[in-house]
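# Fold and contact review
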Amino acid sequence: MVRIAFVLIGTIGIGCAGPYGASLPENEEQARRWQESRAQLAKPDPIAMARLEPFVGQWDWTVKVWPFPESSPQEANGKATMEMVAGNRFLQIDYVEEGGVENWGTMFLGFDRGTSLYQLVSFGTTSSAMTVGWGVFDRNTWKWDFDVAFTDPMTRREAQVQLTVRRPRLDTQVWTAWRRHSQGHMVRWSETTFTKRESD
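What counts and what doesn't
- Residues numbered from 1 in each chain as written.
- Predicted model: local features only at pLDDT ≥ 70, side-chain atom pairs only at ≥ 80, totals over all residues.
- Heavy atoms only, no water.
- Helix = DSSP H or I, 4+ residues; strand = E, 2+ residues; numbered from the N terminus.
- Buried < 20%, exposed > 50% of the residue type's maximum accessible area, 1.4 Å probe, protein only.
- Contact = heavy atoms within 4.5 Å.
- Pairing = 2+ DSSP bridges.
- Axes fitted to C-alpha atoms, helices over the stretch in contact; angles between N-to-C directions.
- Polar contact = N/O pair within 3.5 Å; in protein donor to acceptor, adjacent residues only side chain to side chain.
- Salt bridge = Lys/Arg side-chain N within 4 Å of Asp/Glu carboxyl O.
- Phe/Tyr/Trp six-rings, centres within 6.5 Å; stacked < 30°, edge-to-face > 60°.
- Lys NZ or Arg CZ within 6 Å of the ring centre and 35° of its normal.

### Let's talk about the overall build of the protein chain
Looking only at helices and strands, the protein chain features 2 helices and 10 strands. The secondary structure elements of the protein chain, listed N-terminal to C-terminal, are α-α-β-β-β-β-β-β-β-β-β-β. Counting across all 200 residues of the protein chain, residues that qualify as buried make up 38%. Within the protein chain, contacts between residues at least 6 apart in sequence are counted, and of these 43% link residues at least 24 apart.

### A closer look at the environment of V63
Relative to the helices and strands, V63 is located in strand β1 (residues 57-65). In sequence terms V63 and S190 are 127 residues apart; their C-alpha atoms lie 7.0 Å from each other.

### Overview of the sheet that holds strand β8 (residues 158-169)
Judged by pairing direction, the barrel is antiparallel, and its 10 strands sit side by side in the order β1-β2-β3-β4-β5-β6-β7-β8-β9-β10 before closing back on the first. Strand-to-strand twist across the sheet, computed as the mean angle between neighbouring axes with direction ignored, equals 25°.

### Things to note about the side chain of T176
Following the sequence through the fold, T176 ends up in strand β9 (residues 172-180). Judged by relative accessible area, which is 2%, T176 ranks as buried. Engagement of the side chain of T176 in a polar contact is seen with the side chain of E191, the distance being 2.9 Å. Apart from residues lying up to four places away in sequence, T176 is in contact with Q162, L163, T164, R188, S190 and E191.

### With respect to the pattern of salt bridges
For side chains bearing opposite charge, pairing can occur when the charged atoms are close. One pass over the full model with this rule turns up 10 salt bridges. The partner of R179 in a salt bridge is D152, with the nearest N and O atoms 3.2 Å apart. In this pair, R179 is assigned in strand β9 and D152 in the loop between β7 (143-151) and β8, connecting sequence segments 27 residues apart. Look at R179 and you get partly exposed, because its relative accessible area is 26%. When its relative accessible area of 12% is taken as the criterion, D152 is described as buried. Put simply, E29, R32, R33 and E36 are held in one network by salt bridges that share partners.

### Things to note about the packing of aromatic side chains
Aromatic ring pairs: the centre-centre distance and the angle between the two ring planes describe each pair. Under the criterion given, the structure shown has 9 aromatic pairs. Aromatic side chains F55 and W144 sit 5.5 Å apart centroid to centroid with 75° between the ring planes, which places their arrangement in the edge-to-face category. With F55 in the loop between α2 (46-50) and β1 and W144 in strand β7, the pair connects residues that are 89 residues apart, well separated along the chain. By the burial criterion, F55 is buried, and W144 matches it. Aromatic pair F111 and Y118: ring centres 5.0 Å apart, planes at 70°, arrangement edge-to-face. One exposure class covers both F111 and Y118, and it is buried. Among the aromatic residues, those joined into a ring-pair cluster are F55, F111, Y118, F137, W142, W144, W175 and F194. Of note, R179 hangs over the ring of W189, and the distance from its end group to the ring centre comes to 4.7 Å.

Okay, structure coming up:
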């Protein structure tokens, strides 16, 4: 089974969470400011989330995975549904691989107003661990760059990949994951191309 490596996704909010790095308020005034700050950061960023609006819809995807640098790519394909949820705070992506393989999952992609970073989280049937990442958007190239962490099945320790997300055309998304070679340079690990269905 091909592991789909096009991890994307958003942050899962916890109702009791407050601003990053915040300590518990020690008096009434601090409590008031804490709540005001929390309420402000909870609002979706209209500009950041508008960049994700074109992702909404029904998509077909094809992924190529290179198990090691000199190998031929393994391929798989499937379908994905992308929609805005939680009052436009997150883009939810539900994907499934075709061909009778039990490979499906959910991803979330959002924008953290506290850190001014895009955040992603994904989970599914290919791992018992979640994949998380933080990224920035480049206006000049219209591309997202993420640092993504996941559990390496060989070492059982945290491993990191770099993920780039770009839209070469309005109906196409390309997600490319890069891993660090033992010699230190980055090598392409997987590339997933999403094509929007004509019905959308």
